Protein chains: 2
Amino acid sequence: MSTQNTPYKIYLEENEIPKVWYNVRADMKNKPAPLLNPGTLQPMSADDLSPVFCRELCEQELNNTDREIPIPQEIQDFYKMYRPSPLTHAVFLEKALDTPAHIYYKFEGNNTSGSHKLNSAIAQAYYAKKQGLKGITTETGAGQWGTAMAMACSFFGLDCKVYMVKVSYEQKPFRREVMRTYGAEVTPSPSDTTQVGRKLLAEHPGTTGSLGCAISEAVEVAVSTEGYRYVLGSVLNQVLLHQSVIGLETKTACDKYGIKPDVIIGCAGGGSNLGGLIAPFMGEKLRGEADYDIIAVEPASCPSFTRGIYAYDFCDTGLVCPLAKMYTLGHDFIPSPNHAGGLRYHGMSPVLSQLYADGYMRAVSAEQTSVFAAAELFARTEGTLPAPESSHAIRAAIDEAIKCRETGEEKTIIFGLTGTGYYDLVAYQQFNDKTMTDYIPTDADLEKGFASIPKVDL
Amino acid sequence: MSTQNTPYKIYLEENEIPKVWYNVRADMKNKPAPLLNPGTLQPMSADDLSPVFCRELCEQELNNTDREIPIPQEIQDFYKMYRPSPLTHAVFLEKALDTPAHIYYKFEGNNTSGSHKLNSAIAQAYYAKKQGLKGITTETGAGQWGTAMAMACSFFGLDCKVYMVKVSYEQKPFRREVMRTYGAEVTPSPSDTTQVGRKLLAEHPGTTGSLGCAISEAVEVAVSTEGYRYVLGSVLNQVLLHQSVIGLETKTACDKYGIKPDVIIGCAGGGSNLGGLIAPFMGEKLRGEADYDIIAVEPASCPSFTRGIYAYDFCDTGLVCPLAKMYTLGHDFIPSPNHAGGLRYHGMSPVLSQLYADGYMRAVSAEQTSVFAAAELFARTEGTLPAPESSHAIRAAIDEAIKCRETGEEKTIIFGLTGTGYYDLVAYQQFNDKTMTDYIPTDADLEKGFASIPKVDL
């Protein structure tokens, strides 16, 4: 067992919750490529973005220069409801692995949304309220983002219209009811409430929907309804900015207790958690003040970093959203029915994509059954039933710790435990019943997705 | 909003987690009545109890004299996984109620079992392991206790056989899968694995089971299987002893921040949470050192304190368990399909029953729809989706705070938020859909239950 002299769980004091977000773009030499207007293929200004997003969020989206952005007091107050989140020393996992490594995890699941998504949801709701809006629209796949947005809107008295991928709507009635308890209106997507939904239903009558389609519906409603804007839970620069609270708290706890991480690991779907967790550490790395081995973990079934192409692509399948330069599998790529719903996105945050392209981080992929084996071990040793998404990071952390056992290295590993798996028990049941299978797309599968990437030359 | 100068969430330091349990019986002038042997109707000794329970737990069950019982180091280590639990200042709820009252809640739901049940589960598993046993049997209704026991057994490498009331087994597959993920064997009750189960199935082929029957099955397996004992999650003196960690931490936090509670509120099914929360405060009251208004809240549909009889009764429907002197509705009382599964027990902790009979606490009952209205308000203001059981305490706390608004009194109210409602969304859905109904048993309903109370004259 590790000899590092820290409490099992490190809770910072309330006054150590960050008062500013850290904007990693300020420290990047190569800035992330700008979003492009899908009509003109020209970089989008705040004016271009403002029919879709709140004004202040558009400015945050485009702000590549300010290193620190103050967190408004109302958001700080809300953060106190569930933050600071604990940085936990995984002593029981270390013991089970018989490793000389020191393993820590930043746990973001101790709130009713069940994940880190609330960190950005409350910010986006706040700016909508401040702008005098009536409500917001959004989409949700696995349900964490929708739940977080419902909670945030309820707090500020905003309407919240959630388009939930139909298969999730039907398979996850619990998630739906949490959102309704917080006053949200939840519509299965595709629906007959939008043009894009009606078109899709006409073309594919039995479809169970996709995240790309739900995004298109939510955006259509936002831009066509007075007093509404659209909000998104990942990929965007503003989301990574808000999620920097994860990394800032982690850094404060490390500094306070003399923990010096060698390896920092996060699961990566759209990049919101990973981008938030690594932000201040990446800042040090970009400024040449420290070095860290930073690892993104993605599912082998949806491998945008490890097998995707760095190119401009649409963020949605309905082609109503801006184009982003990112590692992408193509907006027509159909992810397999992998249970980590939050990691089934075809693209990746432009910020993380640029950092990855520039060699500041590496990426690995993990297969589903090995991810759940890691989840089971973690649940049994550390007590918390992890989300399938988070369990990708657990898998990689365990693999690194096993390497340390073999080499004798006493590395310090920090990973992000983004959320709990309380609503993912259908997947756990498959694992328990040994009926879970793995899926790795063939090169031919990927080629089909790549074919949908537009030819944009900027 | 309250002006008391405390953090929103009070987290004690790791070294402030209790190192001893507090045994309130030591301070009671009138001790709780002893358990009776169902065959001889004589008080049971540790020897009588030891075929059913672990040896050391039998001694704890009968120990009416030692005020403090040391918590073994292994249990303290496990407690560090999820304790100390936060004492939260409900500033957002206070604001919504516009009350001068100061409201605090001790939140026990931030662990995967989702409730306070883990506090006793880990203790019972530890003593089973220490005695060299192979495994334990138990029953579960709503599923919290079974989940907690599965987690605790997994930690110590014990087998865990859970009899789950059939209706819950079918309606709560998620709960079942969490238990399986922790390695427990979950059997729907009644089952054909026991005599009592087979008998019941023959008599009532379509039955969906009851907690009383599941207890009988679990006890039968424990006493007839080499190396097994039975464990119970409520009612027993030993359980209240272990749960005193809730109250001890609450008291430490109050003392540290100068919080002086006037009213202490807990929901009451078998009494495990309420008995634990109030323990050290009740001790002060018994010793004449302080006075508190202590309130038990029970569902109007299962009103053992407010409408039951203080008498000896069987703890189970199969009549294999000892008799306990308690407030009871009769072991044949059939609770209505109230959604607070954890509060559907016909009896009440003998310790709490004696304290209630002696006037040291009072009891109120609440109807289901008003409980869920309180739950919804709490979820929207304080962020956490509460368990239906816990929401009974929320209801009473809100009612007390509203009284303070009317009288202008600045009372300090503490209540126990025992757990989360993440697996209770079927009930929330009924509330959201406005299809939820209330049920209050008629006097005739109660008389039927009372008729099953045996005539025991000690």
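Before going into details, it helps to say that this report is about the structure given with it. (Residues numbered from 1 in each chain as written. Chains lettered and ligands numbered in written order. Predicted model: local features only at pLDDT ≥ 70, side-chain atom pairs only at ≥ 80, totals over all residues. Heavy atoms only, no water.)

### Regarding the nonpolar core
Defined as follows: To define a nonpolar core, start from buried Ala, Val, Leu, Ile, Met, Phe, Trp, Tyr and Cys residues and group those joined through side-chain atoms within 4.5 Å. Accessible area is worked out with a 1.4 Å probe on protein chains only. A residue is then buried under 20% of its type maximum, exposed over 50%, and partly exposed in between. Contacts are assigned to residue pairs that have any heavy atoms within 4.5 Å of one another.
One finds W21(A), I265(A), F415(A), W21(B), I265(B) and F415(B) to be the most contacted residues of the largest nonpolar core, which totals 162 residues. Once residues lying within four places of it in the same chain are set aside, the contact partners of I265(B) are L277(B), I295(B), V297(B), A393(B), A396(B), A397(B), E400(B), I413(B), I414(B), F415(B) and G416(B).

### What to know about the interface of chain A and chain B
Condition: For any pair of parts, buried area is found by adding up, for both, the accessible area (1.4 Å probe) each one loses once the two are put together. Take a side-chain nitrogen of Lys or Arg and a carboxyl oxygen of Asp or Glu: if they are within 4 Å of each other, that pair is a salt bridge.
With 43 residues of chain A in contact, the opposing surface of chain B contributes 43 residues. Between chain A and chain B, the buried area comes to about 3,900 Å², and carbon and sulfur atoms account for 55% of it. Linking chain A to chain B there are two salt bridges. With a shortest N-O distance of 2.8 Å, R180(B) and D433(A) are connected by a salt bridge.

### Things to note about the relation of the copies chain A and chain B
Going by this rule: To line up the copies, we fit them by least squares on C-alpha atoms, keeping just the residues with pLDDT of at least 70 in both.
Note on the identical chains: chain A maps onto chain B by a rotation of 180° and an axial translation of 0.0 Å, with an RMSD of 0.0 Å. Taken together, the rotation and translation describe the operation of a two-fold axis. Residues of chain A ranked by C-alpha distance from the rotation axis are headed by N110(A), positioned 3.1 Å from it. Comparing interface residues between copies, 100% of those in chain A also sit at the interface in chain B, which points to an isologous, same-surface contact.

### Things to note about the packing of aromatic side chains
Convention followed: Any two of the Phe, Tyr and Trp rings considered here, Trp counted by its six-membered ring, make a pair once their centres fall within 6.5 Å; the pair's planes then place it as stacked at under 30 degrees, edge-to-face at over 60, or tilted in between. Helix numbering and strand numbering both begin at the N terminus, where a helix is a DSSP run of H or I of at least 4 residues and a strand a DSSP run of E of at least 2.
For the structure shown, the criterion picks out 45 aromatic pairs over all chains. The interplanar angle of 70° and the centroid separation of 4.8 Å between the aromatic rings of F78(A) and F155(A) together place this pair among those described as edge-to-face. Here F78(A) is found in helix α3 (residues 73-82), whereas its partner F155(A) is found in helix α6 (residues 144-156), with 77 residues between them in sequence. Looking at F155(A), the relative accessible area reads 23%, which means it is partly exposed. Seen in terms of ring centroids, F155(B) and F156(B) are 5.3 Å apart; in terms of plane orientation they differ by 75°. Their pairing is edge-to-face.

### Thoughts on the sheet that holds strand β14 (residues 362-366) of chain A
Working definition: the strands of a sheet are paired by backbone hydrogen bonds and lie parallel or antiparallel to each other. Residue and element names in this part refer to chain A. Note the following rule: A pair of strands is treated as paired once DSSP finds two or more bridges between them.
Here seven strands make up an open sheet; going across it, the order is β1-β4-β5-β15-β10-β11-β14 and the pairing mixed. The open sheet terminates on both sides in strands that have one partner only, identified here as β1 (9-10) and β14. Of the pairings in the sheet, the one linking β1 to strand β4 (residues 87-89) comprises two bridges and is antiparallel in character. Note that in β4 the partner of I10 across the bridge is L87.

### Brief notes about empty space enclosed by the protein
Counted only if it meets this: Note on definitions: the grid is 1 Å and covers protein atoms alone; a cavity is a set of points where a 1.4 Å probe fits but cannot get out; a pocket is an open set with protein on both sides within 12 Å along at least five of seven lines; lining residues have an atom within 4 Å of a point. Grid points are joined across faces, edges and corners, and a volume is the space filled by probe spheres set on the points.
One pass over the full model with this rule turns up eleven cavities of 30 Å³ or more. When its volume is computed, the largest cavity comes out at roughly 470 Å³. Put simply, the parts of the chain that give the lining of the largest cavity at least two residues each are β6 (135-140), α6 (144-156), α10 (211-224), α12 (272-286) and α16 (388-407) of chain B. In this model, the second largest cavity occupies a volume close to 230 Å³. Along the walls of the second largest cavity sit 24 residues, with F107(A), T384(A), M81(B), Y82(B) and N110(B) positioned nearest its centre. Looking at the lining of the second largest cavity, the element that brings in the most residues is helix α3 (residues 73-82) of chain B, giving three residues.

### Quick notes on the side chain of E249(A)
As a reminder of what qualifies: For this analysis, a polar contact is any N or O atom pair within 3.5 Å, provided that within protein one partner can donate a hydrogen and the other can accept it, and provided that sequence-adjacent residues contribute only side-chain to side-chain pairs.
In this structure, E249(A) sits in helix α11 (residues 237-257). At a separation of 2.9 Å, a polar atom in the side chain of E249(A) contacts the side chain of R83(A).

### Here we look at the sheet that holds strand β6 (residues 135-140) of chain A
Residue and element names in this part refer to chain A. Selection rule: Whenever a helix is involved, its axis is fitted only over the stretch in contact; in every case the axis is a line through C-alpha atoms, and angles between N-to-C directions fall within 0 to 180 degrees.
Pairing is parallel across the open sheet formed by four strands, whose spatial order is β8-β7-β6-β9. Edge positions in the sheet fall to β8 (185-189) and β9 (228-230), since each has one partner strand and no second. Direction aside, neighbouring strands of the sheet carry axes that sit 25° apart on average. Here five bridges tie strand β7 (residues 159-165) to β8, and the two strands are oriented parallel to one another. Paired with K161 across the strands is E185, a residue of β8. Sitting on the sheet, α6 is in contact with β6 and β7, with an inclination near 165° to β6.

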